[in-house]
Amino acid sequence: LKSILIAALCGLSSAAQAADPAAARAELDRFVRGLNTLTGRFEQRVHDQEGRETERATGTLALAQPRQFRWDYQDPYAQQILADGTHVWVYDVDLEQASVRPQSFDESNSPIAVLLDLGQLEQDFQVSGIDAQDGRIWLRLDPRAAEADFRHADFGFRDGTLERLVLTDSFGQRTELRFNGWVRNPPLPASHFQMRLPEGVDVIGELTEAAEVTPLGD
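Since the model is a prediction, treat every value here as computed from it, not as a measurement. (Residues numbered from 1 in each chain as written. Predicted model: local features only at pLDDT ≥ 70, side-chain atom pairs only at ≥ 80, totals over all residues. Heavy atoms only, no water.)

### Concerning the side chain of Thr-39
To keep it simple, the criterion reads: In this description a helix means any DSSP run of H or I spanning at least four residues, a strand means any run of E spanning at least two, and both kinds are numbered starting from the N terminus. When accessible area is computed with a 1.4 Å probe and restricted to protein chains, residues below 20% of their type maximum are described as buried, those above 50% as exposed, and intermediate ones as partly exposed.
The residue Thr-39 is located in strand β2 (residues 37-47) in this model. In this structure Thr-39 comes out as buried when scored by relative accessible area, which is 17%.

Below, the structure written as structure tokens:
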């Protein structure tokens, strides 16, 4: 999932019948209307090609226009994925290691990015609706780019609230995110999207002059 989130989440049937895409798109429009910042909690479940659950994790996330995001994995391991608008950081707490690279166009094509930038939706994705017997309205995004890291992304809405995001990769593995505790437009300081590393953490990757690391305690 982490590569998909950085570049780009159960059991939906691949044979699901087409639903009204206009109704599904209306749910997305309803959720993102007036949205500038967003915080919440997530539970991540990864399933293999046979539908067996292989991984489960929980944590928090934060998004801010135009290209900032932060995923804090808390259980069963601590890891932070952060995009500051210029660079993407991945910090493994137990390994005391962080990687950094320039934030590229790939991140802007991530399905999660459409929550703060609907302007790229039709340009980067084919949009459709899918039927599901779970009381939610589902919107499916199929990437137009042939080299995309996922086959499709399914957004599940209930009463105008995003509850699920399911990514299916080219091998049939599915990663599901279950959201709760959304807070719309909370005040987020700029420091919330700055990487803060303890002393002694190894930093590897494409560290440029524009990449800023703020030591803890400053």
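Now that the structure has been shown, the text picks up again.
### Thoughts on the packing of aromatic side chains
The condition is simple: Any two of the Phe, Tyr and Trp rings considered here, Trp counted by its six-membered ring, make a pair once their centres fall within 6.5 Å; the pair's planes then place it as stacked at under 30 degrees, edge-to-face at over 60, or tilted in between.
A full pass over the atoms with the stated rule returns eight aromatic pairs. Note on Phe-42 and Trp-71: the rings are 5.1 Å apart at their centroids and 65 degrees apart in plane angle, and the pair reads as edge-to-face. Here the residue Phe-42 occupies a position in strand β2, and Trp-71 occupies one in strand β4 (residues 68-75), the gap between them amounting to 29 residues. Aromatic side chains Phe-179 and Trp-182 sit 4.9 Å apart centroid to centroid with 35 degrees between the ring planes, which places their arrangement in the tilted category. The pair Phe-179 / Trp-182 is uniform in exposure class, with both members buried.

### Quick word on the pattern of salt bridges
Charged atoms that come close allow side chains of opposite charge to pair. Our working rule: We count a salt bridge whenever a side-chain nitrogen from Lys or Arg sits within 4 Å of a carboxyl oxygen from Asp or Glu.
Inspection of the entire model under this criterion finds 14 salt bridges. For the salt bridge of Arg-52 with Glu-50, the shortest nitrogen-to-oxygen distance reads 3.3 Å. Residue Glu-50 is classed as exposed on the basis of its relative accessible area of 55%. Glu-176 is the salt-bridge partner of Arg-178, the closest N and O atoms lying 3.0 Å from each other.

### Here we look at the nonpolar core
Here is the rule: Only buried residues count toward a nonpolar core, which is a set of Ala, Val, Leu, Ile, Met, Phe, Trp, Tyr and Cys residues joined through side-chain atoms within 4.5 Å. Contact between two residues is taken to exist if any of their heavy atoms lie within 4.5 Å; hydrogens are not considered.
Among the nonpolar cores identified, the biggest contains 35 residues, and Phe-31, Trp-71, Leu-115, Phe-155, Leu-162 and Phe-179 are the most heavily contacted of them. The leading source of residues in this core is helix α2 (residues 21-32), at four residues. Excluding anything up to four places from it in sequence, Phe-155 contacts Pro-111, Val-114, Leu-115, Ile-137, Trp-138, Leu-139, Leu-141, Leu-162, Arg-164 and Leu-165. Ranked by size, the runner-up nonpolar core spans eight residues in total, among them Tyr-91, Val-100, Met-195 and Leu-197.

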